[in-house]
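Chain residues, written in single-letter form:
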Amino acid sequence: MTVTAIVGAQWGDEGKGRIIDYLAQQANMVIRFQGGDNAGHTVINEYGKHALHLIPSGIFNPQTQNIIGTGCVVNPQSLLEEMASLERAGVALDNLWISQRAQMLMPYHRTLDVLEEAARGSDPIGTTKRGIGPAYADKAARAGLRMGDLLQPDWLESRLDSALITINRKIEILGGQPVDGQELYALCMDFREKLGKRIVDTVPMTRRAIERGEAILLEGQLGVMRDLDWGIYPYVTSSNPTAAYASSGAGLPARTIDRVIGVVKAYSSAVGDGPFPVELHDADGAKLREIGQEFGATTGRPRRCGWFDGVAIAYAAWLNGMTGLAITKLDILDHFETLKICTGYRLPNGGIVRDSMPETPILNHVTPVYEEWPGWQASTEDCRSWADLPGAAQRYIERISELAGIPIAYVSVGAERDQMFEV
Ligand code: GDP
Ligand code: IMO
Ligand code: MG
């Protein structure tokens, strides 16, 4: 069996949740390796429609162990709400675990995210306001609390007291209300009561699974273009969605990862600020948003839409060491007479970049170079094999694969679990 990392190959919302839900049917373990409840991973199956924020997308398969990994920032309140919503839908949570080493995202991180965004004035990052940046900043500053701290009340209390000295000063400087340590401690004791039995050392679990040769999926959040190091800095998230972080964030040796599947939408979408060269402000952009239902699964914000970006996929494929692509939302393109693929960025000096990703200030001033592809104008929703696809759709996908330099592994033609096939 294999260890497979599943990562976003664009700006997030590529359909990672639905791919993982599909693959988890054959997996023993799914580990979310980074991010927090900024994620919205939509899964549609016999339990209904769920936008998962922290809980791994393998949760619907009762045989699969689901771990919120060390590389995540966990907001216990939002996790409890998500657990309640799944339980109401009849989903069993017996196999849900949280790494004791994962960071705990506190209410003051959300407060700081809102205040810091406001302080950025007319040039915000467009965060989800879930406190992700401040929580990872505290982790790096060694001022964070970890989920395992909930199991050590004395330690937790002293860590909280020491964190609040700086946190409250920051909040006051930014014009907010300082927080009360005793109230927060009481809240943490409530989290301990409700989540304590799920907080574990994950290493024995992953080690045993690897030794037994079990199938493990590593679930990424967001996509490479919002990676802290490799994305459109500073309009990025505060962790690394790229596959290189999967082993560290999930807690298994890097060399155990055999496959890296890049999830890629058949066109482009982004939510939040920052340069997005292929963004369309015309009727085609509006049509992609409308047919693709491109509204944020976490914040409900309308997503910016555009044609497929071949420069970004080449960058994403190489950086992630992808072994296969999972193309999603092909069916959305059923309704277009002509399609475009961006194969280069034209720089202000007239030069064209094809095989590297310019830095943010330059990316702000590039214009996409497009090639045109004929649409197929037929429904792909019932296709269940490569041979079922219209010829024009096959050629469009083959072009994406060629630009990425990676073979196609899966094609998704609808949001339902069975609307997908292996190539
Ligand atoms: P994620 O964050 O990468 O898991 O993606 P999101 O869940 O935020 O966004 C993907 C959206 O597209 C969700 O609403 C999915 O239900 C939907 N979706 C995924 N794959 C397909 C597909 O092949 N066709 C259609 N029509 N919708 C899809
Ligand atoms: P999934 O996992 C799309 C974007 C925000 C903002 C930037 C930083 O569902 O693909 P943050 O709150 O992380 O500090 O925001 O990243 N962003 C996402 N965009 N999908 C997501 O998650 C996102 N999570 C964060 O819009 O631009
Ligand atoms: Mg999403």
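Residues numbered from 1 in each chain as written. Chains lettered and ligands numbered in written order. Predicted model: local features only at pLDDT ≥ 70, side-chain atom pairs only at ≥ 80, totals over all residues. Heavy atoms only, no water.

Trainee: Honestly, the site of ligand 1 in this entry has me stumped. Any pointers?
Mentor: By nearness alone, 20 residues border ligand 1, and Gly15, Lys16, Thr42, Asp331 and Ser412 come closest of all. Lys329 places a main-chain nitrogen or oxygen 2.9 Å from an oxygen atom of ligand 1. Bound to the protein, ligand 1 loses 91% of the 580 Å² it would expose on its own. For the shell around ligand 1, the residue count by class is five nonpolar, eight polar and seven charged. Split by domain, the residues of the shell around ligand 1 number at least three in each of domain 1 (2-98 + 199-261) and domain 3 (265-422). (Near = heavy atom within 4 Å. Polar contact = N/O pair within 3.5 Å; in protein donor to acceptor, adjacent residues only side chain to side chain. Areas by Shrake-Rupley, 256 points an atom, 1.4 Å probe, with all protein chains shown as cover. Nonpolar A, V, L, I, M, F, W, Y, C, P; charged D, E, K, R; others polar. Domains from an automatic or database assignment.)

Trainee: Is there a simple way to explain the sheet that holds strand β6 (residues 73-74) in this structure?
Mentor: Within a beta sheet, neighbouring strands are joined by backbone hydrogen bonds and run either parallel or antiparallel to one another. With respect to topology, three strands assemble into an open sheet ordered β6-β8-β9, the strand pairing being mixed. The open sheet has two edge strands with one neighbour each: β6 and β9 (145-146). Alignment of β6 against strand β8 (residues 103-104), held across two bridges, turns out to be parallel. Paired with Val74 across the strands is Met104, a residue of β8. (Pairing = 2+ DSSP bridges. Helix = DSSP H or I, 4+ residues; strand = E, 2+ residues; numbered from the N terminus.)

Trainee: What is the right way to look at the coordination of the magnesium ion (ligand 3) in this model?
Mentor: For a metal bound by four donors in a tetrahedral arrangement, the ideal donor-metal-donor angle is 109.5 degrees, while six donors in an octahedral arrangement ideally sit at 90 or 180 degrees. In the first shell of the magnesium ion (ligand 3), the protein supplies Asp13 (OD) and Gly40 (O), at 2.0 to 2.2 Å from the metal. On the criterion of sequence distance, the pair formed by Asp13 in the loop between β1 (3-8) and α1 (16-23) and Gly40 in the loop between β2 (29-32) and β3 (41-45) is long-range, its members being 27 residues apart. Assessed through its relative accessible area of 11%, Gly40 is described here as buried. (Donors = N, O, S within 2.8 Å, 3.2 Å for Na, K, Ca; no water. Buried < 20%, exposed > 50% of the residue type's maximum accessible area, 1.4 Å probe, protein only.)

Trainee: What exactly am I supposed to notice about the site of ligand 2 here?
Mentor: Contacts to ligand 2 come from 20 residues, most closely from Lys16, His41, Thr128, Leu222 and Thr237. Gly40 places a polar main-chain atom, nitrogen or oxygen, 2.9 Å from an oxygen atom of ligand 2. One nitrogen or oxygen atom from the side chain of Gln221 is found 3.1 Å from an oxygen atom belonging to ligand 2. For ligand 2, whose accessible area on its own is 550 Å², the fraction buried by protein is 98%. Classifying every residue of the shell around ligand 2 gives six nonpolar, 10 polar and four charged.

Trainee: What exactly am I supposed to notice about the packing of helix α2 (residues 76-88) against helix α6 (residues 181-195) here?
Mentor: Between two packed helices, what matters for the description is the angle formed by their axes and the separation of those axes. As a packed pair, α2 and α6 sit with axes 10 Å apart at the nearest point and diverge in direction by 40°. Seen from above, α2 lies across α6 with left-handed handedness. Residues Pro76, Gln77, Leu79, Leu80 and Met83 of α2 lie in contact with α6, whose contacting residues are Leu187, Phe191, Lys194 and Leu195. Along the lines of polarity and charge, the residues of the contact of α2 with α6 split into seven nonpolar, one polar and one charged. (Axes fitted to C-alpha atoms, helices over the stretch in contact; angles between N-to-C directions. Left-handed = near helix turned anticlockwise from the far one by under 90°. Contact = heavy atoms within 4.5 Å.)

Trainee: For this particular structure, what's the right way to read the domain arrangement of the chain?
Mentor: Note: interface size is frequently given as the accessible area lost on complex formation between the parts. If you check the domain split of the chain, you get domain 1 (2-98 + 199-261), domain 2 (103-196) and domain 3 (265-422). With six residues of domain 2 at the interface, the matching set in domain 3 holds five residues. Across the interface of domain 2 and domain 3, roughly 390 Å² is buried in total on both sides, 45% from carbon and sulfur atoms. At the boundary of domain 2 and domain 3, one finds zero salt bridges. Connecting domain 2 to domain 3 are three residue pairs in polar contact (both at pLDDT 80 or more). (Buried area = accessible area lost by both parts, 1.4 Å probe. Salt bridge = Lys/Arg side-chain N within 4 Å of Asp/Glu carboxyl O.)

Trainee: Honestly, the packing of helix α3 (residues 107-119) against helix α4 (residues 132-140) in this entry has me stumped. Any pointers?
Mentor: Contact pair α3 / α4: the axes reach a minimum separation of 7 Å and the direction vectors enclose 115°. For the element pair α3 / α4, the angle class is roughly perpendicular. Where α3 crosses over α4, the handedness of that crossing is right-handed. Where α3 abuts α4, its residues Tyr108, His109, Leu112, Asp113 and Glu116 lie against Ile132, Pro134, Ala135 and Asp138. The class makeup of the residues in the contact of α3 with α4 is five nonpolar, one polar and three charged. (Parallel < 35°, antiparallel > 145°, perpendicular 65-115°, else oblique.)

Trainee: Looking at this structure, I do not really get the environment of Thr360. What am I missing?
Mentor: Assignment of secondary structure puts Thr360 in helix α11 (residues 360-363). By relative accessible area, Thr360 is classed as buried at 6%. When the C-alpha atoms of Thr360 and Ile232 are compared, they prove to be 5.5 Å apart, with 128 residues separating the residues in sequence.

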